[in-house]
Amino acid sequence: MMNNQVAIGIDIGGSHITSAAVDIQNLVIIPETLFSVQVDNKAKKDVIIEKWSEGINKTIKSVSLRSSTKIGFAIPGPFNYIEGIALFTGENNKFEDLYQVSIPQELSNKLLTTNNDFRFLNDATAFGVGVAAMGKAKHCKRVIAVTLGTGFGSAFIEAGMPLVNHPDVPKDGCLWDKKFKDGIGDDYFSTRWCIARYEALSLKKVKGVKDIAEANTPEAKQVFEEFGTNMANFMMPFLEAYRPEIIVMGGNISNAGHLFIPKLKESIEGHTGLPINIEVSILMEHAAIIGSAKLFNPIFWNHIKEDLPSI
């Protein structure tokens, strides 16, 4: 395969970096190029950059790239996606030491290739683009992608393209910062809410959502029912405006989808009468890798580059 048909797609998670080479033309991950490296998001800048470069270099070596490399990042915000500058602070509880750091500048000295073209996309948007390209939403025109984990991510996808400035979608095409109850969406549809709510009900400390799901207690059941009901109440206005054919979920909390999706569907259909198709993606980080690599598809890039957020 010609090198100009290959881009490296990268998914930056809270605890790891996953990197793979992607055939841009067919939007498939090239076999034996996918690598994952554990990363401590509380580490110092140099340690984080070193770990990121370790993962990327493994992929570079696996496809024998020698000079120029296209590198697409799926990375959470706050982030300047135009210039590639991290804007994480203490409030985000991750990667704080990367605040105001230029990722292209720092990585350029660490990679095996010297002529690197970096592009960046929000991780939830990249996930949405990936599932629309190769996943459960492939044949759907309007898709809402939701990632549920450390934070609450979302993307509105139409015909494979993320919508940011559109009358049918919320401001900036995202949901995490929209008001809900006593706070915003991110306060209620994230790991920290699940943990805090379970501890309030059961007086037991847990490390994550998986522990709550496995507890199988009345308190655990209540947490997931509340999660589903809350999400339905939060999402309904956006669903009525956008009318998606499918909602695709990813992220760690989605692994417990069987415990809250029935309540979510029941509440939405009961209040709006809208039949709603909700699926959990089996692609997980593969979708974000495909989505980030697609930044090097010229038609896709020209369509979205003016809408990339700088904060």
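Note that the coordinates shown come from a computational prediction; the quantities given were computed from them, not determined experimentally.

(A) Layout of the environment of A20. Following the sequence through the fold, A20 ends up in strand β2 (residues 16–23). Considering only alpha carbons, one finds A20 and I278, 258 residues apart in sequence, at a separation of 28 Å. Once residues lying within four places of it in the same chain are set aside, the contact partners of A20 are A7, I8, G9, I29, T33, L34, T59 and I289.

(B) Quick look at the pattern of salt bridges. Enumeration over the complete set of coordinates arrives at 18 salt bridges. Taking the shortest distance from any N to any O, the salt bridge between R119 and D117 comes out at 3.6 Å. For D117, a relative accessible area of 32% corresponds to the partly exposed category. Taken together, the shared-partner salt bridges in this structure form one network comprising K45, D46 and E106.

(C) Spatial organisation of the pairing of strand β5 (residues 68–75). Buried residues dominate β5, accounting for six of its eight residues. Pairing of strand β1 (residues 6–12) with β5, which is carried by four bridges, proceeds in the parallel orientation. Bridging from a neighbouring strand, I8 pairs with I71 of β5. Pairing analysis gives eight bridges linking β5 to strand β8 (residues 115–122), with the strands arranged parallel.

(D) View of the packing of helix α7 (residues 218–242) against helix α8 (residues 257–272). At their nearest, the axes of α7 and α8 sit 8 Å apart, and the two run at 40° to each other. As summarised for this structure, α7 and α8 are arranged oblique, according to the angle between their axes. Crossing angle aside, the handedness with which α7 passes α8 is right-handed. The residues of α8 that touch α7, namely those facing F224, E225, F227, G228, T229, M231, A232, M236, L239 and E240, are L259, F260, K263, L264, S267, I268, H271 and T272. Among the residues forming the contact of α7 with α8, the class breakdown is 10 nonpolar, five polar and three charged.

Each value, and the rule that gives it
Residues numbered from 1 in each chain as written. Predicted model: local features only at pLDDT ≥ 70, side-chain atom pairs only at ≥ 80, totals over all residues. Heavy atoms only, no water. Helix = DSSP H or I, 4+ residues; strand = E, 2+ residues; numbered from the N terminus. Contact = heavy atoms within 4.5 Å. Salt bridge = Lys/Arg side-chain N within 4 Å of Asp/Glu carboxyl O. Buried < 20%, exposed > 50% of the residue type's maximum accessible area, 1.4 Å probe, protein only. Pairing = 2+ DSSP bridges. Axes fitted to C-alpha atoms, helices over the stretch in contact; angles between N-to-C directions. Parallel < 35°, antiparallel > 145°, perpendicular 65-115°, else oblique. Left-handed = near helix turned anticlockwise from the far one by under 90°. Nonpolar A, V, L, I, M, F, W, Y, C, P; charged D, E, K, R; others polar.

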